Amino acid sequence: MSVGNILIVEDENIIALDIKRTLTRAGYTIVGIAICADEAIQQAEQSQPDLVLMDISISLDRDGIETATQLHELYQIPIIYLTAHADERTLSRAKATPTFGYVHKPFNRQELTTMIEIAISKHKAEQAIRQALKEQQELSELKSRFISIVSHEVRNPLNIVLVSAELLEHYIELARTDKQQLCLQRIRESVRQINDLVTDVLALGEAESTDLHCQPESIDLVQFCSTTLEVARFQANDRYTITLSLREQNGRAVSIETPPSIQVYLDTKLLRPVLANLLSNAIKYSPPGSAIQISCIYSEKEVVFQIQDQGIGIPISDQSRLFTSFYRASNVRTISGTGLGLSIVKQYVELHGGQITLQSAIGEGTTVTVTIPLIETSSMQ
């Protein structure tokens, strides 16, 4: 049995002394007996008891329910009510307070000690949970600050390195040797890789932050898809064939050359990095000259984006863990990457209330499907 300090709030002296004698024999320490609200609050402040036994019907200015509520707000002390002939309205009020139970008068010794034991143990467990949640929140805030500081300190020298490389490239252009060209390329590639890592770490921290929310706004779906295609083609640098198809859910194709205006509510700040990351993966893990297909299927209720490539594919054994931070497929070999991209994508999609799935086979490519539910126009007005 757990020992504990108990405050008794009871205005009938004989009952209070009987409770004190019973609990003392059971191994508890009685820190005081109060007969009214003011005494209860004063003694609770002085002794900080582990539990308060509160008579619901104490007299004077405040009853036991009001006193218990005040004690809980001030000191978060668990309360057990002592009840006798309380009416239905009083019991309803008592149930609405943060109580840990009821003991009926005249009380049974075993019932009383059992209820106290349960209440103290439950309260300690709740305190441990609250402390763990507080520590977790503090750790999360510390991690966010650390990520922000490190990212800032890394990016500044990276920018200097990149600018210096560009200046070197400019000044030695006329007498550049193949070896110099290779060194400059390595500098640029190393800067790009580190910058990608910093960007991914920042995005991961933002995705895990409680401050990031989905904020849909009215956009033209066709224009959004066309912009996505242009960015992908620029990134591919003519090494891949990238095409875009847009169609309704019933299968009817929509012309990209003379498209209608399709207004939907989406958060482009979340969706742009999602599609950019998926397209970057499709390019990175596909051989030059292969085809990458972007598909957009829409209806009144949802928009579905699909990115299909003809790349190296993903082993079945890796697919269930691909959305875990820092996890990379076993067949990527020397292809650079952080293992953060798909984790960030998944969190951004889920912030939008959507879901992401993939189908893949070794040597046959990968198809990633992102389904985003649409918000009705009327609900945004």
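Here the structure is shown first, and the text comes after it.
Residues numbered from 1 in each chain as written. Predicted model: local features only at pLDDT ≥ 70, side-chain atom pairs only at ≥ 80, totals over all residues. Heavy atoms only, no water.

### Focus on helix α7 (residues 221-236)
Part 1 of the argument: Helix length check: α7 (16 residues) gives 23 Å between terminal C-alpha atoms against 22 Å at 1.5 Å per residue, within 8%.
Part 2 of the argument: The backbone nitrogen of Val222 has a side-chain oxygen 3.0 Å away, supplied by the residue at the start of α7, namely Asp220. (Helix = DSSP H or I, 4+ residues; strand = E, 2+ residues; numbered from the N terminus. Expected span 1.5 Å × (residues − 1). Polar contact = N/O pair within 3.5 Å; in protein donor to acceptor, adjacent residues only side chain to side chain.)

### Remarks on the pattern of salt bridges
Part 1 of the argument: One pass over the full model with this rule turns up 3 salt bridges.
Part 2 of the argument: The salt bridge involving Arg21 is made with Asp18; its shortest N-O contact spans 3.1 Å. Residue Arg21 and its partner Asp18 are located together in helix α1 (residues 13-25), separated by 3 residues, close to a single helical turn.
Part 3 of the argument: Under the relative-accessibility criterion, Arg21 is labelled partly exposed at 41%.
Part 4 of the argument: Taking the shortest distance from any N to any O, the salt bridge between Glu248 and Arg252 comes out at 2.5 Å.
Part 5 of the argument: The exposure class assigned to Arg252 is exposed, which follows from its relative accessible area of 51%. (Salt bridge = Lys/Arg side-chain N within 4 Å of Asp/Glu carboxyl O. Buried < 20%, exposed > 50% of the residue type's maximum accessible area, 1.4 Å probe, protein only.)

### Details of α1
Part 1 of the argument: End to end, α1 covers 18 Å across 13 residues, agreeing with the expected 18 Å (1.5 Å per residue, within 8%).
Part 2 of the argument: Three or more residues of α1 are buried, namely Ala16, Ile19, Thr22 and Leu23. Buried residues of α1 fall within an arc of 130° about the axis and therefore sit on the same side. Among the exposed residues of α1, those oriented more than 90 degrees off its buried face are Asn13, Ile14 and Arg25.
Part 3 of the argument: Within two residues after α1, Gly27 carries a phi angle of roughly 105°, on the positive side. (Arc of directions from axis to C-beta.)

### A short note on the sheet that holds strand β11 (residues 302-308)
Part 1 of the argument: Pairing in this open sheet of 6 strands is mixed, and the strands run β8-β7-β10-β11-β13-β12 from one edge to the other. Of all strands in the sheet, those bounded by a partner on one side alone are β8 (253-254) and β12 (355-361).
Part 2 of the argument: Docked against the sheet, helix α8 (residues 268-284) engages β7 (241-248), β10 (291-298), β11 and β13 (365-373), running at close to 20° with respect to β11.
Part 3 of the argument: Docked against the sheet, helix α10 (residues 341-351) engages β12 and β13, running at close to 140° with respect to β12. (Pairing = 2+ DSSP bridges. Contact = heavy atoms within 4.5 Å. Axes fitted to C-alpha atoms, helices over the stretch in contact; angles between N-to-C directions.)

### Topic: the state of the cysteines
Part 1 of the argument: Counted under the stated rule, the structure contains 0 disulfides.
Part 2 of the argument: Free of any disulfide, Cys225 has its nearest neighbouring cysteine sulfur in Cys296, separated by 3.7 Å.
Part 3 of the argument: You can call Cys296 buried: its relative accessible area is 1%. (Disulfide = S-S within 2.5 Å.)

### Structural notes on the nonpolar core
Part 1 of the argument: The biggest cluster of nonpolar side chains holds 51 residues, and the ones touching the most others in it are Leu221, Ile242, Leu246 and Phe305.
Part 2 of the argument: With 8 residues, α8 is the single largest residue contributor to this core.
Part 3 of the argument: Dropping the residues within four chain positions of it, Leu221 is found in contact with Leu246, Ile262, Val264, Leu266, Cys296, Tyr298, Val303 and Phe305.
Part 4 of the argument: Core analysis: the second largest hydrophobic core is formed by 19 residues, Leu23, Tyr28, Leu82 and Phe100 among them. (Core = buried A, V, L, I, M, F, W, Y, C linked by side-chain atoms within 4.5 Å.)

### Some details on the sheet that holds strand β2 (residues 29-34)
Across a sheet, paired strands are connected by hydrogen bonds in the backbone, their directions being either parallel or antiparallel.
Part 1 of the argument: Strand order in the open sheet formed by 5 strands is β2-β1-β3-β4-β5, and the pairing between neighbours is parallel. Bordering the open sheet on either side are β2 and β5 (102-104), each of which pairs with just one other strand. Strand-to-strand twist of the sheet, defined as the mean angle between neighbouring strand axes without regard to direction, takes the value 20°.
Part 2 of the argument: As paired strands, strand β1 (residues 5-9) and strand β3 (residues 51-55) are joined by 4 bridges and run parallel to one another. Counted as the bridge partner of Ile6 is Leu51 from β3.
Part 3 of the argument: Running at roughly 150° to β2, helix α2 (residues 37-47) makes contact with β1 and β2 of the sheet.
Part 4 of the argument: Along the sheet, helix α3 (residues 64-75) contacts β3 and β4 (79-83); its crossing angle with β3, the most-contacted strand, is approximately 160°.

### A word on the environment of Gln249
Part 1 of the argument: With respect to the helices and strands, the residue Gln249 is situated in the loop between β7 and β8.
Part 2 of the argument: Once the C-alpha coordinates of Gln249 and Val304 are considered, the two residues, 55 residues apart in sequence, prove to be 9.0 Å apart.
Part 3 of the argument: At 3.3 Å, the side chain of Gln249 forms a polar contact with the side chain of Glu302.

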